[in-house]
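Each chain, written out:
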Amino acid sequence: MSDFSIELGKKLGAYALVLGLAHAILGAAVFLGGVEVGTMSFGDLPRVAVLFVIAAVYIMGVGSLGKGRNEGIAFLMAGLLISVAVGGLYLLETGAQYMMYILGETDEFRILESINPATLLLVLALPLLPMMKRVTHGMVW
Amino acid sequence: MSTKTKDTGEQITAALIGNPNVGKTEIFNRLTGLSQRVGNFPGVTVEKKGGRFIHQGQVVDVVDLPGTYSLTAKALDELVARDFIVEEKPNVVVDIVDGTSLERNLYLTFLLMELDANLVIALNRWDLVKARKINVDLDRLSELLGAPIVATVATTGEGLEDLKSSIIKVAHDQKKSKAILDYGNDVEAGIKSISAVLNEKPDLLKRYPPRWLAIKLIERDERVLEKANSMFSGLQMAKILEVIGYE
Amino acid sequence: MSEFSEDLSVVLAQKRYERISEIIGSTVKKDGGSVRTYTDMLDRVFLNKYLGIPIFLTLLWVMFQFSFTVSEPFVVLVEKLFEFLSHLVEQNVTDPYLTSFISTGVIGGLGSVLVFVPPIFALFLALSILEDSGYMARAAFVMDRFMYRLGLHGRSFIPLMIGFGCNVPAIMAARSLDNEKDRMITILVSPLMSCSARLPVYVLIAGAVFGSAQAGTAIFFIYALGIVLVVLAAQLFRKILFKGEQSPFVLELPTYAMPNAKSALLHMWMRGKMFLKKAGTIIFGTAIIVWFLSVHPWEATAGGQLIAESYIAWMGHALEPVFKPFGWDWMTAVALLFGIVAKEVVVGTYGVLLGVDEGTLGDSLVANGMFTPLTGLAFMAFVLIYVPCFAVLATIVRETNSLRWPAFEVIFQVALAFLVSGLIIGVGRMMGMS
């Protein structure tokens, strides 16, 4: 019935749940609490929405992971891919902001403020990669 | 129809056909190797590849038809493929099917069955089928389709010797047990009515499969309608047109 | 004998598929519903009925944010280059007419459009990556399925996704639709999809009035607006103009693949090449015409300095009343007029009229108080909708074999543009914005 060990699945599921909740809480803090984190503030609806989307993807996979089914890995993979796209975008944006600073177009560049927490969450998700690779060993595209 | 005898020494022509991207080219290459020649189908800018292989002392000429999803008169390469099968009447038509998307690939197979082609089905990407743990009952499938099936892996060459044997066997067999698809009462009645008119031209029926002609007329296939117009009298055409509902 | 309707070949096809399903049902057994390939796995998520659209919107937003923000420094570099060239010309060329021609006409007109090469190429790169990865087909599927759920039928989205680059190939791709009614509807709604030509206008205005952080979102909003209008217009056309059956919907989903840098860059370049060619010919030509009109009569404008006295100003003021309610001035009126040739020319026109002397074009727009966030947004929407460019009009004439449809299209789009822009302004004013 299951594609890989349920024990491993439960661990992955817990990790996914934590990641998902982290994104959701961050989003809620910015949206509801008006907290300003990095480059995000209340007016930045899309960035907040994106956090919720990633949270949803991770959380929807927890059930399947707990049963040790491949489908759960799918949600993890997708969540990671979207995180990479979003986190990568924010990194590039930081780079672009820095270049603008060098070109003299903007007055200041504060590196700490420019790092978006979504990127940090992406980094936290990276250890999942080797685990996922092991589980889906031998799979074809 | 080209004659087939049970002895070797007769020229056998096999046409390869299948959906795009199923591995047809790879199979063609493995079958014909260095004997490949490239040309054009007569009168059109569609490439025609030909070659040959020798198996069990039998020479087989292989023609690579364009990869298509169906055989309508709407697209040039479909028409070219269809014309080749209908007019040149190759001894064998090898339908190359992607085992990982049977639903889509078998559509063409059905059209070939309607064309009364002598089919051999090559179920390619067998390795992927196995990797995805898809379970295909080849015997039953062959029975239901009325044609021999050979599982192949074009990228490694697995199954190709069996394919060659199957081609030769089918070319020599006169047996043509085709699975006929019942299209439902309305359509079947229409086919019967049209066939009645078609029967008035027996040499037409010798050249083309009668049921296929009727079906194409019902589908209002432009090419077949053209041909019918030139072969039948005004009265006969009127009868046909009445059946297929033209004003 | 029973009458066969013209869709009989569809009936026969259906019968064949039914039989195929039967046969496969009894001979092929997949292993208990668990997924075995990366493609199937990922499709569980990307085609998920709840997550499908949010993921699509997310990736779309990422695409636009990327195109705008990451290309910004490069835009600045190109602007500085043209500024430098402009000064070079002014210092070394003595004949004022020639100076004006080069500095205002060529560099101002054409240069102001070329400045947007970085965002355009960035967009093309992002599009290529999404296509190469195999995701675009899923996006089209998800949108079409969404439309189906809303009771809106029609497989419009596959050809329309091509429209993201340019509407012309999208209209031609409609040929793949067998059903003539589907094809006509797709042709008529294609121009509502934002194309790469409109991007310079969006980037310019959004950058000017919304600032770096919000601009990407504003652009995303406009693209989303385009999609919404496509859906609504398709519905309208289907109900009123083209009643009838739709053809069955079959879409082939390719396997996913990791996009590789080389082919993504190659695809980006292929599309980018077309833009550059267009820039060198149509945009350049029209920019020169705009320049000509802006410096003549030569004496009245004191050698091109007083644009307010030129022919183009006269034209602009004539049109101005039409756009006054939206808060747009005569320069905008004239920019829209010439933008009918090609949407990029809107930017080129501003470039000629405002010059590249101080700072960037965007700064000039803000400094002159020409746009507020509200009027800017309404303007972007207007540019999205108002008229198909010449190339698209020509294509519609060809594909529909008549002049009636292109004429209808023009009237429809102009009316819709005024309506939507008006709505935006109206709602905004009600909310207290100016």
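Look a little higher up for the structure.
Residues numbered from 1 in each chain as written. Chains lettered and ligands numbered in written order. Predicted model: local features only at pLDDT ≥ 70, side-chain atom pairs only at ≥ 80, totals over all residues. Heavy atoms only, no water.

A.B. asks: Give me the lowdown on the nonpolar core, citing residues and values where you can.
C.D. replies: Among the nonpolar cores identified, the biggest contains 154 residues, and Ile55(C), Ile219(C), Ile312(C), Trp328(C), Tyr350(C), Phe371(C) and Phe379(C) are the most heavily contacted of them. Tallying contributions element by element places helix H11 (residues 199–240) of chain C first for this core, with 21 residues. (Core = buried A, V, L, I, M, F, W, Y, C linked by side-chain atoms within 4.5 Å. Buried < 20%, exposed > 50% of the residue type's maximum accessible area, 1.4 Å probe, protein only. Helix = DSSP H or I, 4+ residues; strand = E, 2+ residues; numbered from the N terminus.)

A.B. asks: Break down the environment of Leu123(B) for me, with residues and values.
C.D. replies: Residue and element names in this part refer to chain B. Looking at the secondary structure, you find Leu 123 in strand E6 (residues 119–124). Accessibility expressed as a relative area gives 0% for Leu 123, which makes it buried. Those residues in contact with Leu 123 that sit more than four places away from it in its chain are Val 97, Gly 99, Leu 102, Leu 138, Ile 149, Val 150, Ala 151 and Thr 152. (Contact = heavy atoms within 4.5 Å.)

A.B. asks: So what's going on with the packing of helix H17 (residues 373–385) of chain C against helix H19 (residues 404–430) of chain C? Which residues, and what values?
C.D. replies: All names here are of chain C. Running from amino to carboxyl end, H17 crosses H19 at an angle of 165 degrees, the nearest separation of the two axes being 8 Å. Here H17 lies roughly antiparallel to H19, going by the angle between them. The handedness of the crossing between H17 and H19 comes out as right-handed. Each of Leu 374, Thr 375, Leu 377, Ala 378, Ala 381, Phe 382 and Ile 385 in H17 lies in contact with H19, whose residues at this interface are Gln 413, Leu 416, Ala 417, Phe 418, Val 420, Ser 421, Ile 424, Ile 425, Gly 428 and Arg 429. Taken together, the residues of the contact of H17 with H19 sort by class into twelve nonpolar, four polar and one charged. (Axes fitted to C-alpha atoms, helices over the stretch in contact; angles between N-to-C directions. Parallel < 35°, antiparallel > 145°, perpendicular 65-115°, else oblique. Left-handed = near helix turned anticlockwise from the far one by under 90°. Nonpolar A, V, L, I, M, F, W, Y, C, P; charged D, E, K, R; others polar.)

A.B. asks: Give me the lowdown on the side chain of Lys24(B), citing residues and values where you can.
C.D. replies: Residues and elements named next belong to chain B. In this fold, Lys 24 is placed in helix H1 (residues 24–32). Judged by relative accessible area, which is 8%, Lys 24 ranks as buried. A distance of 2.5 Å separates the side chain of Lys 24 from the backbone oxygen of Leu 65, its partner in a polar contact. The contact partners of Lys 24, leaving out residues within four places of it in the chain, are Leu 16, Ile 17, Gly 18, Asp 64, Leu 65, Pro 66, Gly 67 and Ile 96. (Polar contact = N/O pair within 3.5 Å; in protein donor to acceptor, adjacent residues only side chain to side chain.)

A.B. asks: Please give an account of the pairing of strand E4 (residues 58–64) of chain B that cites residues and values.
C.D. replies: Residue and element names in this part refer to chain B. A large share of E4 lies buried, amounting to six of its seven residues. Pairing between strand E1 (residues 12–18) and E4: five bridges, direction parallel. Within E4, the position partnered with Ile 12 by the bridge is Val 60. The pairing of strand E3 (residues 47–55) with E4 spans seven bridges and is classified as antiparallel. Bridge pairing in E4 links Ile 54 to Val 59. In this structure, the hairpin formed by E3 and E4 is closed by a connection of two residues, where Gln 56 is found at a positive phi of approximately 50 degrees. (Pairing = 2+ DSSP bridges.)

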